[in-house]
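Descriptive analysis of the structure
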Amino acid sequence: MAPSCVIAIPAGALKVAFKGKPCKVSGVADDSPVFGLVKIGYKFDELILSDGSVLTGLDTYDLVAALNESSGEVGRRMKFEMLLPSSSTVTLAPGPSGLTIEEVYGKPTITRIEHFSPLKKELRVGMVVNSVKLVDGYQIMGGTASEITSLLEAAQTDPKRTLHLVSPEEQLD
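Residues numbered from 1 in each chain as written. Predicted model: local features only at pLDDT ≥ 70, side-chain atom pairs only at ≥ 80, totals over all residues. Heavy atoms only, no water.

A few points about the overall build of the chain
We count it as follows: Where helices and strands are cited, they refer to DSSP runs of H or I of at least four residues and of E of at least two residues respectively, numbered from the N terminus. Remark: exposure states derive from per-residue accessible area (1.4 Å probe, protein chains only) relative to the maximum for the residue type, with buried under 20%, exposed over 50%, and partly exposed in between. Contacts are assigned to residue pairs that have any heavy atoms within 4.5 Å of one another. Residues counted as positive are Lys and Arg, residues counted as negative are Asp and Glu, and His and the chain ends are not counted. All charge positions are set by atom: Lys at NZ, Arg at CZ, Asp at CG, Glu at CD.
Summing up its helical and strand segments, the chain has two helices and twelve strands in all. Ordering the α and β elements of the chain from the N terminus gives β-β-β-β-β-α-β-β-β-β-β-β-α-β. When its C-alpha atoms are laid out on the principal axes, the chain stretches across 55 × 30 × 25 Å. Classification of the 173 residues of the chain by burial places 39% in the buried group. If you take every contact in the chain between residues at least 6 apart in sequence, the share linking residues at least 24 apart comes to 61%. If you average the places of the 17 positive and of the 21 negative side-chain charges in the chain, the two averages end up 2 Å apart.

Okay, here's the thing in structure tokens:
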């Protein structure tokens, strides 16, 4: 079973998008009060209201309705299962990536994200780098951790390095 976390959620709008069944986080706005605490891919488990009531097993529609109905309450909490998203695409600005990528079970896996990394709130340790594409169209797919790290370092001045990441359970292209 994946680890879980309980997040205190303030009164007001969360600015978090949910989708699917089971209900998972599909987006978190930059100005969300839970930005950096709730990540894409987290699976909703419980909504704990300020009176202690616990709501579980909600689909996306019912969860959003319950959050809207209780938006004025202080002391709400949500419990999430901390799952990785099945895939994610991020764009890296010029400069050092701040990522440590190592081979884990034969896949180029993010094993560390430095505090200075511009992607520290977008990426998750454990995601696998499926491909890297540079602004000039050059793309590496199925590369080793060493090849991907070398490319990211060599292309630090590239204005738009795009990384396509997948969960370790997914097949690489």
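Focus on the layout of surface pockets
To keep things clear, this is the line we draw: The pocket and cavity definitions rest on a 1 Å grid over protein atoms only: a 1.4 Å probe that fits but cannot leave marks a cavity, an open set with protein on both sides within 12 Å along at least five of seven lines marks a pocket, and residues lining either have an atom within 4 Å of a point. Grid points are joined across faces, edges and corners, and a volume is the space filled by probe spheres set on the points. Residues are sorted three ways: Asp, Glu, Lys and Arg are charged, Ala, Val, Leu, Ile, Met, Phe, Trp, Tyr, Cys and Pro are nonpolar, and all the rest, Gly among them, are polar.
Looking at the largest pocket, its volume works out to about 310 Å³. Lys-24, Gly-41, Leu-84, Pro-85 and Ser-86 are, among the 14 residues lining the largest pocket, the residues nearest its centre. Along the lines of polarity and charge, the residues of the lining of the second largest pocket split into eight nonpolar, two polar and five charged.

Thoughts on the pairing of strand β4 (residues 43-48)
Quick reminder of the rule: DSSP bridges decide pairing: two strands pair if at least two such bridges lie between them.
With five bridges connecting them, β4 and strand β6 (residues 76-81) associate as antiparallel partners. Its bridge partner lying in β6, Phe-44 is registered against Phe-80. Sheet analysis places β4 next to strand β5 (residues 54-56), joined by three bridges and oriented antiparallel. The residue bridging Glu-46 from the neighbouring strand is Thr-56, located in β5. Here β4 folds back onto β5, and the loop between the two strands holds five residues, one of which, Gly-52, carries a positive phi near 95 degrees.

Digging into the nonpolar core
Put simply, the rule reads: In this text, buried Ala, Val, Leu, Ile, Met, Phe, Trp, Tyr and Cys residues form a nonpolar core when linked through side-chain atoms within 4.5 Å.
In this structure, Phe-18, Leu-47, Leu-63, Met-78 and Phe-80 are the most contacted members of the largest nonpolar core, which totals 21 residues. The contact partners of Phe-80, leaving out residues within four places of it in the chain, are Pro-3, Ser-4, Cys-5, Ile-7, Phe-18, Val-25, Val-38, Tyr-42, Lys-43, Phe-44 and Asp-45. Judged by nonpolar contacts, the second largest core, of 19 residues, contains Leu-92, Leu-99, Ile-110 and Val-132.

A word on the environment of Leu-37
Along the chain, Leu-37 turns up in the loop between β3 (24-28) and β4. In this structure the C-alpha to C-alpha distance between Leu-37 and Lys-24, which are 13 residues apart in sequence, comes to 14 Å. If sequence neighbours within four positions are ignored, Leu-37 has contacts with Ile-7 and Tyr-42.

Details of empty space enclosed by the protein
What the rule picks out here adds up to one cavity of 30 Å³ or more. For the largest cavity, the calculated volume is near 40 Å³. Lining the largest cavity we find Ile-9, Leu-14, Val-16, Phe-18, Val-34, Val-38, Met-78 and Phe-80. Contributions of two or more residues to the lining of the largest cavity are made by β2 (16-19) and β6. Of the residues belonging to the lining of the largest cavity, the class tally is eight nonpolar, no polar and no charged.

A short note on the side chain of Arg-161
As a reminder, the rule being used: The salt bridge criterion pairs a side-chain nitrogen of Lys or Arg with a carboxyl oxygen of Asp or Glu, the two atoms within 4 Å. Within 3.5 Å is the distance limit for a polar contact, defined as a pair of N or O atoms, with the added protein rule that one can donate a hydrogen and the other accept it, and that residues adjacent in sequence qualify only through two side-chain atoms.
Of note, Arg-161 is situated in strand β12 (residues 161-166). Asp-158 provides the closest opposite charge to the buried, salt-bridge-free Arg-161, at an N-O distance of 5.7 Å. A polar side-chain atom of Arg-161 sits 2.6 Å from the main-chain carbonyl oxygen of Ala-93. A polar atom in the side chain of Arg-161 sits 2.6 Å from the backbone oxygen of Gly-95. Excluding anything up to four places from it in sequence, Arg-161 contacts Val-90, Thr-91, Leu-92, Ala-93, Pro-94, Gly-95, Lys-133, Leu-134, Leu-152, Ala-155 and Gln-156.

Read these as geometric descriptors, not functional statements.
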